Each structure stands twice: as C-alpha cells, then as structure tokens.
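Secondary and tertiary structure notes
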There are 2 protein chains.
Amino acid sequence: MTAPSRIERLCIDRGMKMTGQRRTIARVLSESEDHPNVDDVYKRASKIDSKISIATVYRTVRLLEESNILDKHDFGDGSARYEEATDSHHDHLIDIQSGEVIEFHNEEIEALQRKITEQYGMTLVGHRLELFGVQKDKKK
Amino acid sequence: MTAPSRIERLCIDRGMKMTGQRRTIARVLSESEDHPNVDDVYKRASKIDSKISIATVYRTVRLLEESNILDKHDFGDGSARYEEATDSHHDHLIDIQSGEVIEFHNEEIEALQRKITEQYGMTLVGHRLELFGVQKDKKK
DNA sequence: GTAGATGCAAAACCTTTGCTGTGAT
DNA sequence: ATCACAGCAAAGGTTTTGCATCTAC
C-alpha cells in the first residue's frame, strides 16, 4: 500500500469516503504537473486500474472541484482542464502554437481587477484571465 | 423592406451573399444589447422568420465571427455568447447574482498583459479576462 | 447494515455536418 | 445558370444521469 497522495489526504480531511478509484484518481492528479482534461486523467488512471470508468472520473473531479481541491479551467479547446488548487493564485499564458501553458502571478493585475470591480460598486469574488501568445522568434 | 442593419451592411461590404435568413440574423444581432448565445439568437430570429433553422444560426454566427463582425465569448455557462465586435476592445465584469454583464476597458491592464507576455519571450495575440463579482450592498 | 460510490449504457447538451433542394447573384 | 446557402436530421464531442450492484465506514 502506497503512501497517501497529497490530494488523498485532503479528501480524508474532508471526510470523503475513500474508495480505490478515488485513491487512484487522487494520485494521478497529485502527480500531474500539467493541466489534464478528464480524458487525460481517465487514461492515466486506467494504467493503474484498468477497470476504472470515465463516469467515475467525471464525478470525482467535480467533487474535488466543489471541495476546492481542484481548480477547473477552460483554455478554449472543447474540454475542461484541471489542476491541483494551490494557495498561491496564478493565471495562465498559453502558447497557441505549442499548446504549452505557463503559469504566472502578477499582483499589479490582481489589484487592478479589484479596483475596477469596486468602481462598479461590486466586490470581486473570482476572475478568469488567460493570455494567448506566440513565441517571439517563431513569429517572424 | 426595412433599412439594412449595421451588421447587414458589414456583410455586404465583405461580399457575402445576403439571404433572407442572414438579413434576419444580422438584424437580431444588431439590435441585441446583451450577449446572446446561439439559442437566444435563434429564438429572437424565429419571431421574425419562424421557418429559420438553428443550423443556419450556428453557421451564420461562425461566419460572422470569422469575419470579425462578431466577438465570441465564454462566460462559463455551457454555451458560447456573441456580441457585435466594436473597434474599442473591452472585457467583462459579470454579476454572479443577477447574471448582468458590465463591459469595461482598462488600458493599464492591457499594458500589463503585454508586459507579462513579453517577459516570457512571447507576443500577446489574444486574451480573455472576466471578472466575477457581487453587488456590495447585497453581499452583507 | 446502510448511505453513498461505481459501472454501464443511455441521454442530455451544444455544435457540426451530409445531403438534397432552394435561392441570390 | 451557377454556386453558395438553407433545412432537416443524423452524428460529433463532452458531460451528466438512471439504475442495479457493490463497498467503505
């Protein structure tokens, strides 16, 4: 029996029933360093447990997202992408030629977003920022 | 025969074949002040021409988007939302309680986005920024 | 033992497409 | 007369769900 993954530990903390499938999915997500979609997670999990069902993956990532263990993103291809939520917020810069996703954080932009929202008499509760770019040298 | 809508004029300028359906859809979009999805456009167009097909609406908005006459957005509900493209770029602030969408433009944020992209050796070619907020008085 | 999770297949969405007939230029 | 367009229905991709079975607690 393997040591519990970081996400598995979070699930236990939240009192979720830890089935074998959830443990597998938790491990896959904990070990992922990219932004997989459900099908990616399903494929990676299937290598560990070939009998896992994609419906379970869908149900589990939804649960994890609702528990704020995962962040859900939409990078413009048809499917939702997931990553482990971290305390440090970041946004994404997507290389539209290679598909590579760079994470960045910029406090100036964060502050401006709050300021703009306040100007309309509102309080910022969330945002979505994605930058799409091309490599400078490849451009010419 | 009604006067051509702003979008119809743009279509004619680009040499598009102007069918009755396209004229109807162009008119609906020109008169919309919100960010309708395809189904909204279809419903509004159906009031003018009840025989219009939703496939035609899909094909037409895609065409208009590719011609830069429409901007396409994703506000996180499952469907794409459209609005007439304007020369002045803007982003969106969404009231998550009422669903109201406020348009804003902030050159400081735009400049920061370009700066960040440059820092990674890239050139910004597009972005997506949505702020989600709640009314201040409603919050407490 | 029981509430909740899984697997499977069906269905729900949104969107695209093949085909045939129609209409704009 | 062309050639592109419209309508319809079927199919595509992603995600959800009903139901019977199973499993963690």
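Relevant structure appears above.
Residues numbered from 1 in each chain as written. Chains lettered and ligands numbered in written order. Predicted model: local features only at pLDDT ≥ 70, side-chain atom pairs only at ≥ 80, totals over all residues. Heavy atoms only, no water.

Turning our attention to the nonpolar core. All names here are of chain A. If you look at the biggest cluster of nonpolar residues, it comprises 19 residues, and the most contacted ones within it are I7, C11, L29, V61, L64 and L70. For this core, the secondary structure elements donating two or more residues are α1 (6–13), α2 (20–31), α3 (38–48) and α4 (54–66). The element that contributes the greatest number of residues to this core is α2, accounting for four residues. (Core = buried A, V, L, I, M, F, W, Y, C linked by side-chain atoms within 4.5 Å. Buried < 20%, exposed > 50% of the residue type's maximum accessible area, 1.4 Å probe, protein only. Helix = DSSP H or I, 4+ residues; strand = E, 2+ residues; numbered from the N terminus.)

Between chain A and chain B, the residue contacts involve 37 residues of the former and 37 residues of the latter. Across the interface of chain A and chain B, roughly 3,200 Å² is buried in total on both sides, 64% from carbon and sulfur atoms. In this assembly, chain A and chain B are joined by five salt bridges. When the shortest N-O distance is used, the salt bridge between B:R128 and A:E130 registers 2.8 Å. Taken together, chain A and chain B are joined by 14 residue pairs in polar contact (both at pLDDT 80 or more). Only β3 (91–95), β4 (101–104), α5 (107–119), β5 (122–135) and α6 (136–139) of chain A provide two or more residues apiece to the side of chain A that touches chain B. If you tally residues by element for the side of chain A that touches chain B, the top one is β5(A), at 14 residues. Tallied by class, the residues present in the side of chain A that touches chain B amount to 17 nonpolar, ten polar and ten charged. The sheet contact formed by β5(A) and strand β5 (residues 122–135) of chain B spans 13 bridges and is antiparallel. Among the inter-strand pairings, A:E130 is bridged to a residue of β5(B), identified as B:R128. (Contact = heavy atoms within 4.5 Å. Buried area = accessible area lost by both parts, 1.4 Å probe. Salt bridge = Lys/Arg side-chain N within 4 Å of Asp/Glu carboxyl O. Polar contact = N/O pair within 3.5 Å; in protein donor to acceptor, adjacent residues only side chain to side chain. Nonpolar A, V, L, I, M, F, W, Y, C, P; charged D, E, K, R; others polar. Pairing = 2+ DSSP bridges.)

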